[in-house]
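# Structural characterization, general
Chain residues, written in single-letter form:
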Amino acid sequence: MNYADLGLRVGIEIHQQLDTRHKLFCRCPTELRETEDASFEFFRYLRLKRSELGTEDRAAREEVMRSRKFIYKFYDTTCLVEADEEPPTEINREALLIGIQIAKMLNMELVDELHVMRKIVIDGSNTTGFQRTALLAFDGYLEVDGRKIGVATLCIEEEAAKKVEERGGEVVYSLDRLGIPLVEIGTGPDIDSPELAKKVAKKLGMILRSTGKVKRGLGTIRQDVNISIEHGARVEIKGVQDVDILDRIVEYEVIRQVNLLKIRDELRRRNAKVCEEIFDVKEVFANTRSKILKRAKALMAVKLEGFSGLVGMEIQPGRRLGTEFADIAKTFGLGGIFHTDELPAYGISQEEVEELRRAVSAKDGDAVIIASGDERRVRNALLRITERAKFCLVGVPEETRRANEDGTTSYLRPLPGAARMYPETDVPPVRIDEEMRSVDVPELIEDRAKRYVEQFGLAEDLAMIMADPRYSEIFEEFAESVGASIAARVLHIIPSQLRKDGYNVDGLGIEDFRLTLSLIRDGKIAKEGAEEVLKILTEEKLGEEEILSRLSPSQDLDDFIARLIEEKRDLIAERREHAFKPLMGLVMKEFRGKVDGKIIAEKLRNAIKKELEKS
Amino acid sequence: MKAKRAKIKAKGRIFEGIVLPSEKGKIVLKLSSGYNVGFYDYEIIEEEEIEVSFVEPGYPAKRDSLPEVKVISTGGTIASRVDYSTGAVTSQFSAEEIVSDIPELAEICRIDAELLYNILSENMKPEYWIRLARRVYEAIKDGYDGVIVTHGTDTMHYSASALAFMLRTPVPVVFVGAQRSSDRPSSDAAINMICSAHTSLSDLGEVAVVMHASTSDDFCYIHRGVKVRKNHTSRRDAFQSINYPPLGRVWPDGKIEWTGERIRRGVREPELFDRLEEKVALVKFYPGLSPDILDFFYEKGFRGFVLEGTGLGHVSTDWVETVRRIAEDSLVVMTSQCLWGRVCDRVYDTGRYLLKAGVIEGEDMLPEVALIKTMWLLGNFELEEAKNLVKENLVGEINYRTDFN
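Being a predicted model, the structure only gives us computed values, none of them experimental.

### Quick word on the overall build of chain B
Each helix and strand in chain B was counted, giving 10 helices and 23 strands. If one aligns the C-alpha atoms of chain B with their principal axes, the spans along those axes are about 80 × 55 × 35 Å. For chain B, the residues scored as buried account for 59% of the 405 residues in total. Across chain B, the fraction of contacts at a sequence separation of at least 24, relative to all contacts at a separation of at least 6, is 69%.

### Here's the deal with the interface of chain A and chain B
By a frequent convention, interface size equals the accessible area lost on bringing the separate parts together. Across the contact, 51 residues belong to chain A and 52 residues belong to chain B. For the pair chain A and chain B, the two sides together bury roughly 4300 Å², of which 52% comes from carbon and sulfur. At the boundary of chain A and chain B, one finds 10 salt bridges. Taking the shortest distance from any N to any O, the salt bridge between Arg 236 of chain B and Asp 84 of chain A comes out at 2.7 Å. Among the secondary structure elements, those contributing two or more residues to the side of chain A that touches chain B are β2 (40-44), β4 (109-110), β6 (116-120), β7 (130-144), β8 (147-158) and β23 (421-423) of chain A. Looking at the side of chain A that touches chain B element by element, the count peaks at 7 residues for β7 of chain A. Summarising the sheet, strand β5 (residues 113-114) of chain A and strand β4 (residues 36-39) of chain B pair through 2 bridges and their orientation is antiparallel. Its bridge partner lying in β4 of chain B, Leu 114 of chain A is registered against Val 37 of chain B.

### Some thoughts on the sheet that holds strand β6 (residues 68-73) of chain B
Residue and element names in this part refer to chain B. The strand order β9-β6-β10-β12-β13-β14-β17-β18 describes an open sheet built from 8 strands, whose pairing is mixed. Looking at the sheet topology across the chains shown, the edges are occupied by β9 (110-115) and β18 (256-258). Pairs of neighbouring strands in the sheet enclose a mean axial angle of 25°, with direction left out of account. Pairing geometry for strand β13 (residues 207-212) and strand β14 (residues 220-224), over 5 bridges, is antiparallel. For His 212, the partnering residue across the bridge sits in β14 and is Cys 220.

### Comments concerning the domain arrangement of chain B
Residues and elements named next belong to chain B. What the domain assignment lists for chain B is domain 1 (2-51), domain 2 (68-272) and domain 3 (280-390). For the pairing of domain 2 and domain 3, the buried interface totals around 1400 Å² over both sides, and the portion due to carbon and sulfur atoms is 67%. At the junction of domain 2 and domain 3, the tally comes to 2 salt bridges. Linking domain 2 to domain 3 there are 6 residue pairs in polar contact (both at pLDDT 80 or more). Top contributing element to the side of domain 2 that touches domain 3 by residue count: helix α4 (residues 156-166), with 6 residues.

### A short note on helix α5 (residues 246-270) of chain A
One turn of an α-helix holds 3.6 residues; hence residues three or four places apart share an orientation. Taking 1.5 Å of rise per residue, the 25 residues of α5 of chain A would be expected to cover 36 Å, and the 36 Å separating its terminal C-alpha atoms lies within 8% of that figure. Positive phi shows up at Asn 271 of chain A, right after α5 of chain A, with a value of about 60°.

### Looking at the pattern of salt bridges
A side chain of one charge can pair with a side chain of the opposite charge if their charged atoms are brought near each other. Considering all chains together, one arrives at 96 salt bridges over all chains under this definition. One salt bridge connects Asp 154 of chain B with Lys 230 of chain B, and the closest N-O pair in it is separated by 2.7 Å. A residue pair is termed long-range when its members are at least 10 positions apart, and Asp 154 of chain B in the loop between β10 (146-150) and α4 and Lys 230 of chain B in strand β15 (residues 228-230) qualify at 76 residues. Residue Lys 230 of chain B is classed as buried on the basis of its relative accessible area, which comes to 14%. Salt-bridge contacts for Arg 264 of chain B lead to Asp 203 of chain B; the nearest nitrogen and oxygen are separated by 2.8 Å. Pair noted here: Arg 264 of chain B is in the loop between β18 and β19 (271-272) and Asp 203 of chain B is in the loop between α5 (189-200) and β13, with a separation of 61 residues, a long-range link. Taking the relative accessible area as the measure of exposure, Arg 264 of chain B reaches 43% and is therefore partly exposed. Under the relative-accessibility criterion, Asp 203 of chain B is labelled partly exposed at 27%. Via salt bridges that share partners, Arg 44, Asp 84, Glu 85, Arg 118, Arg 132, Glu 158, Glu 424 and Asp 426 of chain A together with Arg 180, Asp 183, Arg 184 and Arg 236 of chain B belong to a single interconnected network.

### Re the domain arrangement of chain A
Residues and elements named next belong to chain A. By the assigned domains, chain A splits into domain 1 (3-266), domain 2 (273-392), domain 3 (445-551) and domain 4 (557-614). For domain 1 versus domain 3, the distance between C-alpha centres works out to 35 Å. Facing 6 residues of domain 1, the contacting portion of domain 3 comprises 6 residues. Summing both partners gives a buried area of about 530 Å² for domain 1 against domain 3, and 51% of it is carried by carbon and sulfur.

### Here we look at the sheet that holds β2 of chain A
Residue and element names in this part refer to chain A. Reading across the sheet, the 4 strands line up as β2-β3-β10-β9 and stay open at both edges, with mixed pairing between neighbours. A single partner strand is all that each edge strand has here, and the edge strands are β2 and β9 (162-167). Adjacent strand axes in the sheet meet at a mean angle of 25° when their direction is disregarded. Here strand β3 (residues 69-74) runs beside strand β10 (residues 170-174); their pairing, made up of 5 bridges, is parallel. Its bridge partner being in β10, Tyr 72 is matched across the sheet by Tyr 173.

### Details of the confidence of the model for chain A
Residue and element names in this part refer to chain A. The share of residues in chain A with pLDDT of 70 or more is 95%, and the mean pLDDT across the chain is 90. Confidence drops under pLDDT 50 across residues 51-56; counting only partners more than four residues distant or on other chains, this segment forms 16 contacts. For residues 62-66, every residue scores under 50 in pLDDT, and the model assigns this stretch 18 contacts once sequence neighbours within four places are set aside.

### Quick word on the pairing of strand β20 (residues 280-284) of chain B
All names here are of chain B. In terms of strand pairing, β20 meets strand β21 (residues 304-309) through 5 bridges, oriented parallel. Among the inter-strand pairings, Val 280 is bridged to a residue of β21, identified as Gly 304. Note that the unit made of β20, helix α6 (residues 292-299) and β21 has a crossover that is right-handed.

### Quick look at the pairing of β9 of chain A
Every other side chain in a regular strand lies on the same face of the sheet, so the side chains alternate between the two faces. All names here are of chain A. Sheet topology places β9 next to β10; 5 bridges connect them, and they run antiparallel. From the neighbouring strand, Arg 167 faces β10, where its bridge partner is Glu 170. Between β9 and β10, which follow one another and run antiparallel, lie 2 residues, and Gly 168 among them has a positive phi close to 55°.

### Some words on unusual backbone geometry
Omega for the peptide link from Leu 343 of chain A to Pro 344 of chain A comes to 5°, which places this bond in the cis form. Look at Asn 271 of chain A: it is not a glycine, yet its phi comes out positive at around 60°. Looking at where Asn 271 of chain A falls in the secondary structure, it is placed in the loop between α5 and β14 (273-274). With a phi angle near 60°, Asn 243 of chain B is a residue other than glycine that sits in the positive phi range. Here Asn 243 of chain B falls in the buried class, since its relative accessible area comes to 12%.

### As for the environment of Gln 101 of chain A
Mapping Gln 101 of chain A onto the fold places it in helix α3 (residues 93-105). From its side chain, Gln 101 of chain A meets the backbone oxygen of Asp 440 of chain A in a polar contact 2.9 Å long.

### Here's the deal with helix α4 (residues 194-210) of chain A
The first and last C-alpha atoms of α4 of chain A sit 25 Å apart over 17 residues, in line with the 24 Å expected at 1.5 Å per residue. At the exit of α4 of chain A stands Gly 212 of chain A, carrying a positive phi of roughly 70°.

### Digging into the packing of α6 of chain B against helix α7 (residues 320-327) of chain B
Describing two packed helices takes the angle between their axes plus the distance from one axis to the other. Residue and element names in this part refer to chain B. Relative orientation of the contacting elements α6 and α7 amounts to 20°, with a least axis distance of 9 Å. The pairing of α6 with α7 is recorded here as roughly parallel in orientation. Both α6 and α7 take part in a crossing whose hand is left-handed. Contacts between α6 and α7 involve Leu 294, Asp 295 and Tyr 298 from the first element and Thr 322, Val 323, Arg 325 and Ile 326 from the second. Classifying every residue of the contact of α6 with α7 by side-chain character gives 4 nonpolar, 1 polar and 2 charged.

### Brief notes about the packing of aromatic side chains
Summed over all chains, the structure comprises 23 aromatic pairs over all chains. Centroid distance Phe 130 of chain A to Tyr 422 of chain A: 6.4 Å. Interplanar angle 80°. Geometry classified as edge-to-face. Pair noted here: Phe 130 of chain A is in strand β7 and Tyr 422 of chain A is in strand β23, with a separation of 292 residues, a long-range link. Judged by relative accessible area, Phe 130 of chain A falls into the buried class, the value being 0%. Three or more aromatic residues link up through ring pairs in this structure, and these residues are Phe 40, Phe 42, Phe 70, Tyr 72, Phe 74 and Tyr 173 of chain A. Directly above the aromatic system of Tyr 298 of chain B lies the positively charged group of Arg 303 of chain B, at a separation of 3.8 Å from the ring centroid.

Parameters and conventions
- Residues numbered from 1 in each chain as written.
- Chains lettered and ligands numbered in written order.
- Predicted model: local features only at pLDDT ≥ 70, side-chain atom pairs only at ≥ 80, totals over all residues.
- Heavy atoms only, no water.
- Helix = DSSP H or I, 4+ residues; strand = E, 2+ residues; numbered from the N terminus.
- Buried < 20%, exposed > 50% of the residue type's maximum accessible area, 1.4 Å probe, protein only.
- Contact = heavy atoms within 4.5 Å.
- Buried area = accessible area lost by both parts, 1.4 Å probe.
- Salt bridge = Lys/Arg side-chain N within 4 Å of Asp/Glu carboxyl O.
- Pairing = 2+ DSSP bridges.
- Axes fitted to C-alpha atoms, helices over the stretch in contact; angles between N-to-C directions.
- Domains from an automatic or database assignment.
- Polar contact = N/O pair within 3.5 Å; in protein donor to acceptor, adjacent residues only side chain to side chain.
- Expected span 1.5 Å × (residues − 1).
- pLDDT = per-residue confidence, 0-100.
- Right-handed = clockwise from strand over helix to strand, strands pointing away.
- Parallel < 35°, antiparallel > 145°, perpendicular 65-115°, else oblique.
- Left-handed = near helix turned anticlockwise from the far one by under 90°.
- Nonpolar A, V, L, I, M, F, W, Y, C, P; charged D, E, K, R; others polar.
- Phe/Tyr/Trp six-rings, centres within 6.5 Å; stacked < 30°, edge-to-face > 60°.
- Lys NZ or Arg CZ within 6 Å of the ring centre and 35° of its normal.

What follows is the structure, given as structure tokens:
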């Protein structure tokens, strides 16, 4: 695909959780919990307020129509602030300082005074119905492949509650995540290829990790991608967790928009139109063998004139236009839809399809969509689906979509309008003063890695890992004394191997690595013994003495050698210096991995020499 | 509505946005992205006045068949509008605005609304209670099926008590507020208001407070106006009935479950006793507090004293002489800072001395309720009669039996 000809423009928005002691607006720890640890739950509804123009936010309006009940799980690590039962504290200064650090690394300008805003979000993921967010910095850039990619804004905001479960009209959220500080970084729409999108995201991730103050692991960083092509529309793709599929996401979205434009052209050629009426078709399926339809309280249909064959057309790998309609139905709490391009199937017979067509007076070239469930939801979902179907004649709708694991995307909601923020009056503005501005900028992982390659001769990929703030300090502490490659082995290579072998490597902390490395440095264990020490430490937190006693054989090396010399006196007398080789084998059999081979050899040589001198 | 738009230069670039009110020396702009930002070092390049136009929201039509309810607002935002272009939040008071904010109300009743005050509830005064009682009385006389008073939550239980004493009502007079302001999507205002509307049409003939029963948007309690207190600074379920169960539970769908004995609709004729003696003091005793505090009030002409004593109803024995002196021509009522339970000054010597000195036990009345009752008694009766009435249950403020709840 020629992305330049298509006019591809991509912007990335990264959300990164910060590893602060407390949440952004309360003093709860930033700790994730298992839902079964919840101490109690409560439920709420959210209501939409009209904006000053009497128009409601497009995204918000749809949420209210769904009118869901939100259930929240509360823990002993959450408080009344997360429950929207107590005013927020002042903004967490630690988070603010990390934000400033990142802004400086991205060559951004800082605001003089930070104002916390309430951004309306009424999908229940914020108990308040809004997300607290503040603009901290703007107008920066980062360099990728020698190109300057603009960084438009950096905001500090609170993380939303995690969705646990969705059942019918209810959504269950867990409050542990709500309020963890996030930085939100938005690039300009300067990216013009899928590959560059991935590179920019990776570089941003590297910069964030360089601070050593961001959360690590699955779900702690999320990318949103804004994608548009000429004649297409701006589509926001939410929640890409795996940066490695970012290029594919861009590629697939381009394919989707190109296909939607093809569908548009074909529909226009056919003079297609969408019938406004919603038909009650419960009668048609009175004796159906489809379990889903049989159970349904309400069963309704809409007619899309001239859409036949196109609803079933693939627009992304494995996804058809009909899948887009089904996505909409799901946002209204329905299981999905059926459409005539895929019927008869799913227990729906040819006769039923024909009767359905008759019931809505559909001609051959028409497609019929049916939805089932409770009446209000079905009606609202079908209304929204007809609206979407009409837009097929216009082109690509602006919308927010969710990233799937395979790189495709699903419809989530319309693109939110801009005017949905007002000040969080409970939190005073913060002047960003000189002291805050002068916070130190950490060395980039990338730069540090270059240094490691030059200074220690490490391989580049290993250097990148050692340069990560998780390792860099301890690596530098031991790189000279034990050797860089041994330090890297202990810190990364051995633990990776142990992880594969099923050891709980996550339980290893900096102190465990420090202990292991200092044992090597002090010659108390051989470098080959590191694996054994780490294995022990994944299971038990033992001190140096205990570890050595577990490692050391029944007697120590000197005793062993002395006894051996005594036993093999004849051999030594006979073979003289050449007795070393067979004797070394015997000692190594006992001490391999526990004592450095060089030390053993030296001791044994000395003992043999002494024995020979004696005789 | 007018607003000011500006183009400024700051940090080496141009910003445009709506200028928000701020202190001198800085400018706060609302950018087109919606964010507010403050600058200290800036240069204004262009400024212009612009008109921000409101489109009136649609109002659900009144249905003639529905009963009529009067809503009197005293402040506290039960309905509000957010102006996202400037970020301003404005309270709304007209019936149309309330109903457009909470359309469910139009299904329950026809609302007439009146803005009586627009004050924070900590700025309430006895004279405001009097005017409020008169307006509610008029509404009852006008034949409304129920009256709802929207009120800031901080002193709502004082106002509810004041009306309970000043007014004999045949219809429900419901006080309602919100612990989360109504500009938030999560506000408790709507459910409290809907439940109040149902309560205002119910088989009740007294002053009540209707607020969230739990942190969930589940149902509301109907509290007796003289038995309720705000017991939490911020929670939705801050209001609790004390020394008497809630009168009932009310769900947003209109279901009501009565749980306490209540005065029913139509039992009492409307009557208004709209005098209050303002010179009544509520004094909370703490260890070491000098009785001079009583003299201070006494010298200023106060003749009503409600003591919030410790435990069963005690103040230091150092106070007995002072109490004896002022009680000669004053009403001195003892309540307890324990809140839960009944005052009894016959268990310990101190209590017995206080009784001899002229203190009257406030039974199981809340200190705030005893304060209002004393104001009302002194406003409407001679001292001796007032003394007799303190321990008498007049409007449900005293229960002679104490239950386990």
